[in-house]
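Here are the chains, one letter per residue:
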Amino acid sequence: MKITVVGTGYVGLVSGTCLAEVGNDVLCLDVNPEKIRILEDGGIPIYEPGLQEMVRRNVAAGRLHFTTDIERAVQHGTVQFIAVGTPPDEDGSADLQYVLGAARNIGRLMTDYKVVVDKSTVPVGTGAKVHAAIADELQKRGVNTPYSVVSNPEFLKEGAAVEDFMRPDRIVVGAEDEQAIHLMRALYAPFQRNHERLIVTDIKSAELTKYAANAMLATRISFMNELANLAEVLGADIEMVRQGIGSDPRIGYHFLYPGCGYGGSCFPKDVKALIKTAQDDADITLKVLTAVEEANDAQKHVLTGKLKNRFGDLKGKHFALWGLAFKPNTDDMREAPSRELIADLFAAGATVSAYDPVAMHETQRIFGDESRLKYADSPMGALEGADALVIVTEWKEFRSPDFDAIKATLKNPVIFDGRNLYDPKFVRNSGIEYFAIGR
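Because the structure is a prediction, the values reported are computed rather than measured. (Residues numbered from 1 in each chain as written. Predicted model: local features only at pLDDT ≥ 70, side-chain atom pairs only at ≥ 80, totals over all residues. Heavy atoms only, no water.)

Q: What exactly am I supposed to notice about the overall build of the protein here?
A: A count of helices and strands for the protein gives 18 helices and 14 strands. In terms of overall size, the protein behaves like a compact globule, its C-alpha atoms giving a radius of gyration of 24 Å where 439 residues would be expected to give roughly 22 Å. Viewed in the frame of its principal axes, the protein has a C-alpha envelope of about 75 × 45 × 45 Å. Expressed as a percentage of its 439 residues, the buried residues of the protein come to 54%. (Helix = DSSP H or I, 4+ residues; strand = E, 2+ residues; numbered from the N terminus. Rg over C-alpha atoms; globule rule 2.2 N^0.38 Å. Buried < 20%, exposed > 50% of the residue type's maximum accessible area, 1.4 Å probe, protein only.)

See below:
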């Protein structure tokens, strides 16, 4: 099948590459010439495990191509995936200018039947807006070329996006005509040979499903963070509580890990957008999600509070940070808890030495030539001259450190663990003060 993917961010590049992997002829469009240059040179503009090798393999096989030429992209694919960004506006609503711009380009240039697929995370009702934008452009041209609009939300985890696309839990297709459904079934057949994973809904239900899934996961995280804060005051251990409730099959263990807040490009943005959609389009206040967002905003400052409780005035103190990305296996710094912590430490007069396996380049781009923030070549290198170690991201390489070396290197043998990586008794028996979340 000939497929066009508009946008080469996380969703577009992963989707296009995985669709090429199973034999389709895929053309990826991006208006950013620098992104296309990187891709054509064999690189990728994002960090995602396994993706670069798959891109190179499919480019070499002649199944995956890249372009900045909009007309070529519209002519290429019978299926046109729109996978552009939907950044939050100042009021928290999703900005649809890039989605609707892509739709208008398709309407302006299409000459035969197209299935236009919303892959971007978009508010309920966007399918109708995309349909209207294409219809408007066709009307301006005085033509009546047939087309279908489909909602096909992505459920990709950063750091495991390739695996998630190739072996999906479910494939949600929101469509209202049989020809589009037939094409989408054919397109996704290679990804569900084991058993049927494709769920067909109406367009609005598909759009809401994506927001509902992310909002539910964010709710679990904020719920556990609030329980952890309570457990700490009551003298309970949230890890024991997690095991106790996670063993209930109605609850399960997923997304029950307390920490220093969620971040990334999805949960914060999607929770905000769903709250805003409910308020503006239905005059409904989503009280639970409003609390989820408030709890998360507060949780990003919990480590700062622990540092101040232990050290008092932080002016002149120097702290080592392990982890900058919002989660492991990505360089994504969007809404990362580390950014709030670093800002808090700067405001209190402290300095930071940080280490992250892949996100330091992105952090430098964000903070620029900030003299109060230094970058270390290794986890142990970050500890030199530091008053304490603060763990913000649960990278695997942080899980079994040399505690004797940590104790010998830090000015004060103190660890603040924002991800509950260690057994408190073991760390304390090593002669290190240990402050975790809810333990």
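Q: Which parts of the structure should I look at to understand empty space enclosed by the protein?
A: Over the atoms, a rolling probe the size of a water molecule traces out where space has been left empty. Counted according to the given criterion, the structure contains one cavity of 30 Å³ or more. One number sums up the size of the largest cavity: a volume of about 30 Å³. In terms of lining residues, the largest cavity is bounded by Asp 118, Ser 120, Thr 121, Val 122, Ser 151, Pro 153, Glu 207 and Lys 210. A class-by-class count of the residues in the lining of the largest cavity yields two nonpolar, three polar and three charged. (1 Å grid on protein atoms, 1.4 Å probe; cavity = no way out; pocket = protein on both sides within 12 Å on 5 of 7 lines; lining within 4 Å. Points joined across faces, edges and corners; volume = space filled by probe spheres on them. Nonpolar A, V, L, I, M, F, W, Y, C, P; charged D, E, K, R; others polar.)

Q: What is the right way to look at the pairing of strand S5 (residues 114–118) in this model?
A: For a regular strand, side-chain orientation follows a simple rule: the groups alternate between the two sheet faces. Taken across its five residues, S5 has five buried, putting it largely inside the fold. Taking every second residue as pointing to the same face, both faces of S5 are buried, with Lys 114, Val 116 and Asp 118 on one and Val 115 and Val 117 on the other. Direction of pairing for strand S4 (residues 79–82) relative to S5: parallel, over a ladder of four bridges. Pairing of Ile 82 across the sheet is with Asp 118, part of S5. Read from S4 through helix H5 (residues 97–109) to S5, the crossover connection turns out right-handed. Bridging between S5 and strand S6 (residues 147–151) involves five bridges; their strand directions are parallel. (Pairing = 2+ DSSP bridges. Right-handed = clockwise from strand over helix to strand, strands pointing away.)

Q: Explanation requested: the pattern of salt bridges in the structure shown.
A: Two side chains carrying opposite charge are able to pair once their charged atoms lie near each other. Under the counting rule described, the total for this entry stands at 28 salt bridges. With its nearest N and O atoms 2.9 Å apart, the salt bridge here joins Asp 41 to Arg 37. By relative accessible area, Asp 41 is classed as exposed at 58%. One salt bridge connects Arg 439 with Asp 237, and the closest N-O pair in it is separated by 3.0 Å. On the criterion of sequence distance, the pair formed by Arg 439 in the segment after strand S14 (433–435) and Asp 237 in the loop between helix H9 (203–234) and helix H10 (238–246) is long-range, its members being 202 residues apart. Residue classification places Asp 237 among the buried positions, given a relative accessible area of 19%. Connected through salt bridges with shared partners, the residues Arg 104, Asp 136, Glu 137 and Lys 140 form a single ionic network. (Salt bridge = Lys/Arg side-chain N within 4 Å of Asp/Glu carboxyl O.)

Q: Got a minute to help me understand the packing of aromatic side chains in this structure?
A: Between two aromatic rings, the relevant description is the distance of the centres plus the angle of the planes. Counting across every chain of the model gives 14 aromatic pairs. Where Phe 165 meets Phe 191, the ring centres are 5.3 Å apart and the plane angle is 85°; that geometry is what we call edge-to-face. Note that Phe 165 is positioned in helix H7 (residues 161–166) and Phe 191 in the loop between helix H8 (178–188) and strand S8 (198–201), a separation of 26 residues in sequence. For the pair shown, Phe 165 and Phe 191 are each scored as buried. Counting every residue linked through ring pairs, the aromatic cluster contains Phe 311, Phe 319, Phe 416 and Phe 435. The lysine or arginine in question, Arg 372, covers the ring of Phe 346, its NZ or CZ lying 4.3 Å from the ring centre. (Phe/Tyr/Trp six-rings, centres within 6.5 Å; stacked < 30°, edge-to-face > 60°. Lys NZ or Arg CZ within 6 Å of the ring centre and 35° of its normal.)

Q: Looking at this structure, how should I read the sheet that holds strand S9 (residues 318–322)?
A: Remark on secondary structure: sheet strands pair via backbone hydrogen bonds, oriented parallel or antiparallel. Judged by pairing direction, the sheet is parallel, and its six strands sit side by side in the order S11-S10-S9-S12-S13-S14 without closing on themselves. Sheet topology places strand S11 (373–375) and S14 at the edges, where each strand pairs with a single neighbour. The average angle at which neighbouring strand axes cross in this sheet is 20°, direction not considered. Taken strand by strand, helix H14 (residues 337–347) contacts S9, strand S10 (351–355), S11 and strand S12 (388–391), and its axis lies near 175° from that of S9. In the packing of helix H15 (residues 360–367) onto the sheet, the strands contacted are S10 and S11, and the crossing angle to S11 comes to about 155°. (Axes fitted to C-alpha atoms, helices over the stretch in contact; angles between N-to-C directions. Contact = heavy atoms within 4.5 Å.)

Q: Quick question: what am I supposed to make of the side chain of Glu 239 here?
A: Structurally, Glu 239 is set in helix H10. Within the structure, the side chain of Glu 239 is placed 2.8 Å from the side chain of Arg 242, a separation counted as a polar contact. In terms of polar contacts, Glu 239 uses its side chain to reach the side chain of Gln 243, at 3.0 Å. (Polar contact = N/O pair within 3.5 Å; in protein donor to acceptor, adjacent residues only side chain to side chain.)

Q: Looking at this model, I keep getting lost on the nonpolar core. Mind explaining?
A: Across soluble globular proteins, you tend to see nonpolar side chains buried next to one another. The biggest cluster of nonpolar side chains holds 55 residues, and the ones touching the most others in it are Leu 307, Leu 321, Trp 322, Leu 345, Leu 389, Ile 406 and Ile 415. Those residues in contact with Leu 307 that lie beyond four places of it in its chain are Gly 312, Leu 314, Phe 319, Leu 341, Leu 345, Val 390 and Phe 416. One finds Val 115, Ala 175, Tyr 188 and Phe 191 within the second-largest nonpolar core, a separate group that totals 42 residues. (Core = buried A, V, L, I, M, F, W, Y, C linked by side-chain atoms within 4.5 Å.)

Q: Sorry, what's going on with the environment of Leu 27 here?
A: Inspection of the secondary structure assignment puts Leu 27 in strand S2 (residues 25–29). The contact partners of Leu 27, leaving out residues within four places of it in the chain, are Ile 3, Thr 4, Val 5, His 65, Phe 66, Thr 67, Arg 72, Ala 73 and His 76.

Q: Just checking my understanding: could you explain the packing of H9 against H10 for this structure?
A: When two helices pack together, their arrangement is captured by the angle between the axes and the distance separating the axes. Across the interface, H9 lies against H10 with an axial gap of 9 Å and an inter-helix angle of 135°. As the angle between them shows, H9 and H10 are arranged oblique. In the crossing of H9 with H10, the sense of the turn from one axis to the other is right-handed. Between H9 and H10, the contacting residues are Met 224, Leu 227, Ala 228 and Ala 231 on the first element and Ile 238, Arg 242 and Ile 245 on the second. Taken together, the residues that form the contact of H9 with H10 break down as six nonpolar, no polar and one charged. (Parallel < 35°, antiparallel > 145°, perpendicular 65-115°, else oblique. Left-handed = near helix turned anticlockwise from the far one by under 90°.)

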